[in-house]
Amino acid sequence: MTDIRASADSLMKGQSSARAAKGPRDPYAVLRWTLLAMGAIVMVMPIVYMLSASIKYPFEMYDLNIIPKEPTFENYTYVLSDGRFLRWFGNSFLIATLTTISAVFFDALVGYALCKFTFRGRTFMFIAILSTLMIPTEMLVIPWYLMSKSFGWLDSYWGIMFPGIMTAFGTFLMKQFFETVPDDFLEAARIDGLNEFQIWWSVALPLVAPALSALAIFIFLGNWTAFLWPLIVTNSQDLYTLPVGLTTFSVEQAVEWELIMTGAALATIPTLIVFLLFQRYIIRGVAMAGLKG
Amino acid sequence: MSLYRNLSIRQKQVVWAWGFLALPIVFYCVIRFYPTFNAIVLSFQSWNLLGPREWVGLDNYAKLWDDPVFWKAFRNTFMYLILGTPISLVISFVIAYHLDKTKLLHGTLRALYFLPFLTSTVAMAWVWRWFYQPVPIGLFNNFLASMGIAQIDFLNSTSNALPSILLPAIWAGLGFQIIIFMAGLRAIPTSYYEAARIDGVSTWTILWEITLPLLKPTIVFLVVFSSIGFLRIFDQVFNMTTNNPGGPLDSTKPLVLMIYQTAFSSFDMGYAAAQTVVLFAILLVVSLIQLRVLREKP
């Protein structure tokens, strides 16, 4: 457990891995670095070309140069002018935020209950929840659709959100992390007269804060890019999420690739900004959640 | 309330536990278990959403067995898996292994490799679709043309389309796998390496005899994780072939796309449910095989 956090942390201290530092001088260092750097540039090329195309006029759109001779923001004004993108962006943001809050709250609650309380049926509950990890979303979308249809949830925010308001993955992850919280802390709080919910909220939760943020990143990203279920459950363009809207928009534009690239850039830029701001936390969170999961 | 006050501390905890679990129990029953049960029931029925739901026994499964499109989708799904998982794991391990030994601009390089993981699959599907267009639009073919090489028909050829769609899927997943591999590499105690170095063991032997065996849990996790991802591929295929989903001639159609079309274009709910049950069975078998491998001691 502590190993996981330690190795995720050591990932962040980054620059020098102990074993590279202590070893003999590495004869291939220059070659290694050059190839890695070239690989890294190739990796981001699709993103660079997308951004470059979004500020090009059609006449130089298909040239291989990255920096346009005459940069323009007309594509952005055009794409944003009909207001749909802002709407889709808002929908995606609202849905991903609400779903993340709900899932982190409940996953931590259930993970804690399964970890720190002793009661009959605990193991059964844990196995039952864990077993849902084996059920693919694709198997559930048809029943979810039928259910939404009979309850009138089609074409609503709730309809898009309800399948994700709790996750088995998060419950498992949180249970693992609550194992690291010493029972003495909880006992002390109990003696101080806090009730069990207060103990969970104000004693246990702060102790697993890094795990909570890792889980939040994962769930937010998952919802931000989710495609299949929002595509099925939404009908009117007003309720589309960004990925579904982008598909519709791109099909409409047909061959105007600079406009499609602008739409794609609009869907990508916010995550790029968030990544640049919180790079350390995001990479550490991914390493932590991945190693535990 | 007085009833609660008379309980022992242990009993109070049991009350709290079920209080914490009350809503989640409803959720897992209604949103996870009941729909699973419903999908299985539906796979033995025939229903087009409007008419009556009729029991048809194993007809849907028999129809699936005789459906050439299903076998094509089945084959394609495994092609995504068989090509995608090994290729992406080997590339990401090689990068992580070398990146772990690099000091100069380590953080920047790592961020660049990780960046594609954060992009939206739909947005990137359209970017790659643009790259794949013929001259004078597509970037790849323009590049080939500028070098005097013949054009490649990426998305309209039955043999090239599947690898062309797979490539962006591999590309987008690499960053995640690299980070996990690097964290796994960091978890190996340095004392092992020091001991090996004192014994004068070659780098190559260290890699095969120490690093890879100790990375086994990481490798198994990534194999399971990426296999499930490739078996469920949909977004890329759907967006890169919107004019003829799964085309040309169903050569790129994975099971999930077939399920989507059967359910939401043909509204053949029972038949689609039978397909989802088959997908479920495949995922279950693949995961169980891989978990068995994990259990075996090295």
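Residues numbered from 1 in each chain as written. Chains lettered and ligands numbered in written order. Predicted model: local features only at pLDDT ≥ 70, side-chain atom pairs only at ≥ 80, totals over all residues.

1. Here we look at the overall build of chain A
Here is step 1: Scanning chain A for helices and strands turns up 15 helices and zero strands.
Here is step 2: Excluding contacts between residues fewer than 6 apart, the proportion of contacts in chain A whose partners are at least 24 apart in sequence is 76%. (Helix = DSSP H or I, 4+ residues; strand = E, 2+ residues; numbered from the N terminus. Contact = placed C-beta atoms within 7 Å.)

2. Some points on the overall build of chain B
Here is step 1: Scanning chain B for helices and strands turns up 14 helices and two strands.
Here is step 2: For chain B, the C-alpha radius of gyration of 25 Å lies well beyond 19 Å, the compact-globule estimate for 298 residues.
Here is step 3: Taken along its principal axes, the extent of the C-alpha atoms in chain B is 70 × 65 × 35 Å.
Here is step 4: Residue burial in chain B is summarised as follows: out of 298 residues, 41% are buried. (Rg over C-alpha atoms; globule rule 2.2 N^0.38 Å. Buried ≥ 20, exposed ≤ 12 C-beta atoms within 10 Å, placed from the backbone.)

3. Quick notes on the confidence of the model for chain A
Here is step 1: Mean pLDDT over chain A works out to 87, with 90% of the residues at or above the 70 mark.
Here is step 2: Note on residues 14–23 of chain A: pLDDT is under 50 here. Beyond four places in sequence and across chains, it has 15 contacts. (pLDDT = per-residue confidence, 0-100.)

4. Observations concerning the domain arrangement of chain A
Here is step 1: As assigned here, chain A comprises domain 1 (4–75) and domain 2 (77–292).
Here is step 2: Using C-alpha coordinates to define each centre, domain 1 of chain A is positioned 29 Å away from domain 2 of chain A. (Domains from an automatic or database assignment.)

5. Some points on the packing of helix H7 (residues 137–151) of chain A against helix H2 (residues 9–42) of chain B
Here is step 1: Two elements in contact, H7(A) and H2(B), have axes whose closest approach is 8 Å; the angle formed by their N-to-C orientations is 90°. Classified by the angle their axes make, H7(A) and H2(B) are roughly perpendicular. Between H7(A) and H2(B), the residues in contact are A:Met139, A:Leu140, A:Ile142, A:Pro143 and A:Trp144 and B:Pro35, B:Thr36, B:Asn38, B:Ala39 and B:Leu42, respectively. (Axes fitted to C-alpha atoms, helices over the stretch in contact; angles between N-to-C directions. Parallel < 35°, antiparallel > 145°, perpendicular 65-115°, else oblique.)

6. Things to note about helix H11 (residues 196–207) of chain A
Here is step 1: With 12 residues, H11(A) should reach 16 Å at 1.5 Å per residue; the first-to-last C-alpha distance of 16 Å fits that figure.
Here is step 2: When H11(A) is considered as a whole, its buried residues turn out to be A:Glu196, A:Ile199, A:Trp200, A:Ala204 and A:Leu205. The arc that holds the buried residues of H11(A), viewed along the axis, is 145°, so those residues lie on one side. Of the exposed residues in H11(A), those oriented more than 90 degrees away from the buried face are A:Ser202 and A:Pro206.
Here is step 3: Those residues of H11(A) that are buried are in contact with helix H5 (84–116), helix H9 (168–178), helix H10 (183–191) and helix H12 (209–225) of chain A together with H2 of chain B. (Expected span 1.5 Å × (residues − 1). Arc of directions from axis to C-beta.)

7. A few points about the interface of chain B and chain A
Here is step 1: Taken residue by residue, the interface counts 78 residues in chain B and 76 residues in chain A.
Here is step 2: Counting residues per element, the side of chain B that touches chain A draws most heavily on H2(B), at 16 residues.
Here is step 3: By residue class, the composition of the side of chain B that touches chain A is 53 nonpolar, 17 polar and eight charged. (Nonpolar A, V, L, I, M, F, W, Y, C, P; charged D, E, K, R; others polar.)

8. Overview of the domain arrangement of chain B
Here is step 1: Taken as a whole, chain B is organised into domain 1 (2–42) and domain 2 (63–295).
Here is step 2: If you average the C-alpha positions of domain 1 of chain B and of domain 2 of chain B, the two centres end up 38 Å apart.

9. What to know about the nonpolar core
Here is step 1: Membership of the largest hydrophobic core comes to 157 residues, with the highest contact counts inside it found for A:Leu215, A:Ala264, B:Val127, B:Ile178 and B:Ile179.
Here is step 2: With 17 residues, the top contributor of residues to this core is helix H8 (residues 161–186) of chain B. (Core = buried A, V, L, I, M, F, W, Y, C linked by C-beta atoms within 7 Å.)

10. With respect to unusual backbone geometry
Negative phi is the rule for most residues except glycine; trans is the rule for most peptide bonds.
Residue and element names in this part refer to chain B.
Here is step 1: The omega torsion of the bond from Val 135 to Pro 136 falls at 5°, within 30 degrees of zero and hence cis.
Here is step 2: Topologically, Pro 136 is positioned in the loop between helix H6 (121–131) and helix H7 (139–146).
Here is step 3: Positioned with a positive phi, Leu 105 is a non-glycine residue whose angle comes to about 55°.
Here is step 4: By the secondary structure assignment, Leu 105 is in the loop between helix H4 (68–99) and helix H5 (106–114).
Here is step 5: The phi torsion at Asp 250 lies on the positive side, around 60°, for a residue other than glycine.
Here is step 6: Considering the arrangement of structural elements, one finds Asp 250 in the loop between helix H12 (235–240) and helix H13 (255–264).

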